[in-house]
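Here are the chains, one letter per residue:
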Amino acid sequence: MVSRRALLAATAAPLVFCRNAPSASRRNVLFISIDDLNDWVGCLGGHPQTRTPNLDRLASTGVLFSNAHCAAPLCNPSRAALMFGARPSTSGVYSNDEPYRKSPLLENALSIPQALRGAGYTVMGAGKIYHGNYPDPQSWDDYWPSQQRNQPPTPEPAAKPANGIQGSGNLDWGPLDKGDEDMGDYGVADWTIKQLARKSSGPRFLACGIYKPHLPWYVPRKYFDLFPLDSIELPAVNPNDLDDIPPAGVKIARSNKDHQRITGAHAWKAAARAYLASIAFADAQVGRVLRALETGPNAGGFDIVLWSDHGWHLGEKLHWRKFTLWEEATRNVLMMTVPGVTKPGGRCTRAVNLLDIYPTLTELTGARKPETVEGESLVRFLKNPQAPKGTPTLTTFRRGNHALRDERWRFIRYADGAEELYDHSNDPNEWENLAAKPEHAAVKQRLENYFPKIDAPASPTGRGNGNEGGHAPVEG
Ligand SMILES: [Ca+2]
Ligand SMILES: [Ca+2]
């Protein structure tokens, strides 16, 4: 870090040097991610029994984006899109086994922390921010546990599968007779707490990547005990939901046999309970970090951006996990508290994207926004959550399959041209596909202008297993 700074100071032009000079007035940024968290968050209303007091409290202090969507419904492409501000259809990063630095667009592109470092920030992190296999040391001045291994180990049960269901890979769950402090995510939160205990002497970007509720759902027993099994409410599922979906969508829904296995084992409630338990654990770790900020020397001195990388199905459309273009998989958690800009209790229902975080942060911090950055700054919604927005937002799954979402509609078009259209004003579960109804032709015509004009060829894979992100081996 020191040598890079020294180099920057020695070579920068005078104006840039001024911009790079650390300034106490620069905003610090706390950047928290939670892996695989859908809308089962109290303030998002996705599940009546979920326990997320800390997320709910954070949302109440700033703006909750209740209609936020990922750029891609799986880890690596979603996180690459967010960290570089580039759509999958532009970068070609569509799957979990494509190292994003092999994308011609992203090879030398600046990530969010790199852009902020150019504006004088110290940029550090812990845990899962980038997808696990591709930690990108050039993005960070320091990382925990290390620049090569971003995620700490976390305990597992002695015998697996702990749920007794054979053949489901890491779709496994069970209580651990361990304390919170034994968990990998506890260490990630601890590292962040240590940074927050130190008063900022120059602007800092601190990233805290919480891994749960990502599979497998092994968390301390006390979190399972919060949710008595018999009491668990299941999501609303229409058993005939796939009947009006084109073959391309049905194939995605049936890409694994999770639903068959879980319902066959009468384990639907047990699975939902394990997800709820893992969410409650993740929320507790976020709570520790937020309390450290509020009670420490930097209270009120950090902008907070919290996001999850995509949603998650628990049986809706007879599907489990992510990897779809439906609401359960594309909708994610996004909240921002920016002292002096946001007001408590803000709620923005405009359709926005994780891609929008990059230009939001460059606008807030004064960092230069690279030309590769797509997406729109959300600062106007931070100031006024009701500010108008005329455009839909885009999610892409594998090459050429896209979903557009605005405040009312979801319009999906697969690579083979097949379509789905859903009206959220009366069909929040997306059960009735309206795409073939002539009365909705105008809606489709208006929205289709926003499908990408190019679908970049897929970026080279790094592992050579040919998997496109739909199966357990590259779960992420
Ligand atoms: Ca994920
Ligand atoms: Ca249906």
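Procedures and definitions
- Residues numbered from 1 in each chain as written.
- Chains lettered and ligands numbered in written order.
- Predicted model: local features only at pLDDT ≥ 70, side-chain atom pairs only at ≥ 80, totals over all residues.
- Helix = DSSP H or I, 4+ residues; strand = E, 2+ residues; numbered from the N terminus.
- Rg over C-alpha atoms; globule rule 2.2 N^0.38 Å.
- Buried ≥ 20, exposed ≤ 12 C-beta atoms within 10 Å, placed from the backbone.
- Contact = placed C-beta atoms within 7 Å.
- Axes fitted to C-alpha atoms, helices over the stretch in contact; angles between N-to-C directions.
- Parallel < 35°, antiparallel > 145°, perpendicular 65-115°, else oblique.
- Nonpolar A, V, L, I, M, F, W, Y, C, P; charged D, E, K, R; others polar.
- Pairing = 2+ DSSP bridges.
- pLDDT = per-residue confidence, 0-100.
- Expected span 1.5 Å × (residues − 1).

### Concerning the overall build of the chain
Here's step 1: Counting secondary structure elements, the chain contains 15 helices and 19 strands.
Here's step 2: The C-alpha radius of gyration computed for the chain amounts to 21 Å, which stays within 12% of the reference 23 Å derived for 476 residues, consistent with globular compactness.
Here's step 3: Each principal axis of the C-alpha atoms in the chain carries an extent, and together these give about 65 × 55 × 45 Å.
Here's step 4: For the chain, buried positions account for 52% of its 476 residues.
Here's step 5: Within the chain, contacts between residues separated by at least 24 positions form 72% of all contacts whose residues are at least 6 apart in sequence.

### Quick notes on the packing of helix α7 (residues 184-196) against helix α11 (residues 268-295)
Here's step 1: Contact pair α7 / α11: the axes reach a minimum separation of 9 Å and the direction vectors enclose 10 degrees. On the basis of the axis angle, α7 is roughly parallel to α11. Where α7 abuts α11, its residues Asp185, Tyr186, Ala189, Thr192, Ile193 and Leu196 lie against Ala282, Gln285, Arg288, Val289, Ala292 and Leu293.
Here's step 2: Of the residues in the contact of α7 with α11, the class split is 8 nonpolar, 2 polar and 2 charged.

### Structural notes on helix α4 (residues 75-84)
Given 3.6 residues per turn, any residue in an α-helix points the same way as the ones three and four places further on.
Here's step 1: With 10 of 10 residues buried, α4 lies mostly within the body of the structure.
Here's step 2: Among all positions of α4, only Cys75, Asn76, Pro77, Ser78, Arg79, Ala80, Ala81, Leu82, Met83 and Phe84 are buried.
Here's step 3: Taken together, the buried residues of α4 touch α5 (88-91), α6 (112-117) and α13 (357-365).
Here's step 4: Positive phi appears at Gly85, one or two residues downstream of α4, with a value of about 70 degrees.

### Digging into the sheet that holds strand β14 (residues 346-348)
Here's step 1: Here we have 8 strands laid out as an open sheet, ordered β5-β4-β7-β1-β9-β13-β2-β14, and mixed in their pairing. Edge strands, defined here as strands with exactly one partner in the open sheet, are β5 (142-144) and β14. Taking the axes of each pair of neighbouring strands and ignoring which way they run, one obtains an average angle of 15 degrees across the sheet.
Here's step 2: Where strand β4 (residues 122-127) meets β5, 3 bridges bridge the pair, whose relative direction is parallel. Each bridged residue has a counterpart across the sheet, and for Gly125 the counterpart in β5 is Tyr143.
Here's step 3: Contacts from α7 reach β4, β5 and β7 (204-210) within the one sheet, and its direction differs from that of β7 by about 165 degrees.

### Focus: unusual backbone geometry
Here's step 1: The omega angle of the peptide bond from Lys160 to Pro161 is 0 degrees, so this bond is cis rather than trans.
Here's step 2: Position of Pro161 relative to the elements: it lies in the loop between β5 and β6 (173-176).
Here's step 3: Residue Pro213 is bonded to the preceding Lys212 through a cis peptide linkage, with omega at 15 degrees.
Here's step 4: Of note, Pro213 is situated in the loop between β7 and β8 (217-220).
Here's step 5: The phi angle at Arg398 is positive, at roughly 55 degrees, despite the residue not being glycine.
Here's step 6: Along the chain, the position of Arg398 falls in the loop between β16 (393-396) and β17 (402-405).

### Here we look at the environment of Gly127
Here's step 1: Mapping Gly127 onto the fold places it in strand β4.
Here's step 2: Distance in space between the C-alpha atoms of Gly127 and Asn332 is 19 Å, their sequence separation being 205 residues.
Here's step 3: Leave out the neighbours within four places in its chain, and Gly127 touches Asn150, Gln151, Asp185, Val188, Cys208, Gly209, Ile210 and Tyr211.

### Here we look at the sheet that holds strand β19 (residues 419-423)
The strands that make up a sheet pair up through hydrogen bonds in the backbone, lying either parallel or antiparallel.
Here's step 1: What the 4 strands build is an open sheet, ordered β16-β17-β18-β19; its pairing is antiparallel. The sheet terminates laterally at β16 and β19, the two strands that pair on one side only. With direction set aside, neighbouring strand axes in the sheet form an average angle of 15 degrees.
Here's step 2: One ladder, built from 4 bridges, connects β16 with β17; its direction is antiparallel. When the sheet's bridge partners are listed, Leu394 is paired in β17 with Leu404.
Here's step 3: Packed on one face of the sheet, helix α15 (residues 441-448) meets β17, β18 (409-413) and β19 and runs near 70 degrees to β18.

### Points about the confidence of the model for the chain
Here's step 1: When pLDDT is averaged along the chain, the result is 92, and 92% of the positions lie at 70 or above.
Here's step 2: Contacts from residues 1-24, a stretch scored under 50 in pLDDT, to residues over four places away or in other chains number 15 contacts.
Here's step 3: Long-range and interchain partners of residues 464-474, a stretch whose pLDDT sits below 50, account for 20 contacts in this model, where long-range means more than four residues apart.

### Observations regarding α7
Here's step 1: Between its first and last C-alpha atoms α7 spans 19 Å; for 13 residues at 1.5 Å apiece the expected length is 18 Å, and the two agree.
Here's step 2: Summarising the contacts, the buried residues of α7 are in contact with β4, β5, β7 and α11.

### Some words on the pairing of β17
Here's step 1: On β17, burial covers both faces: His402 and Leu404 on one face and Ala403 and Arg405 on the other are all buried.
Here's step 2: Where β16 hands over to β17, the hairpin turn is made up of 5 residues, of which Arg398 adopts a positive phi near 55 degrees.
Here's step 3: In terms of strand pairing, β17 meets β18 through 4 bridges, oriented antiparallel. By the bridge assignment, Arg405 is partnered in β18 with Arg410.
Here's step 4: Here β17 folds back onto β18, and the loop between the two strands holds 3 residues.

### Re the packing of helix α3 (residues 53-61) against α11
Here's step 1: At a minimum axis separation of 7 Å, α3 and α11 run at an interaxial angle of 50 degrees. With respect to α11, the axis of α3 lies oblique. Along its contact with α3, which presents Pro53, Asn54, Leu55 and Leu58, the element α11 presents Asp283, Ala284, Val286, Gly287 and Leu290.
Here's step 2: Broken down by class, the residue content of the contact of α3 with α11 amounts to 6 nonpolar, 2 polar and 1 charged.

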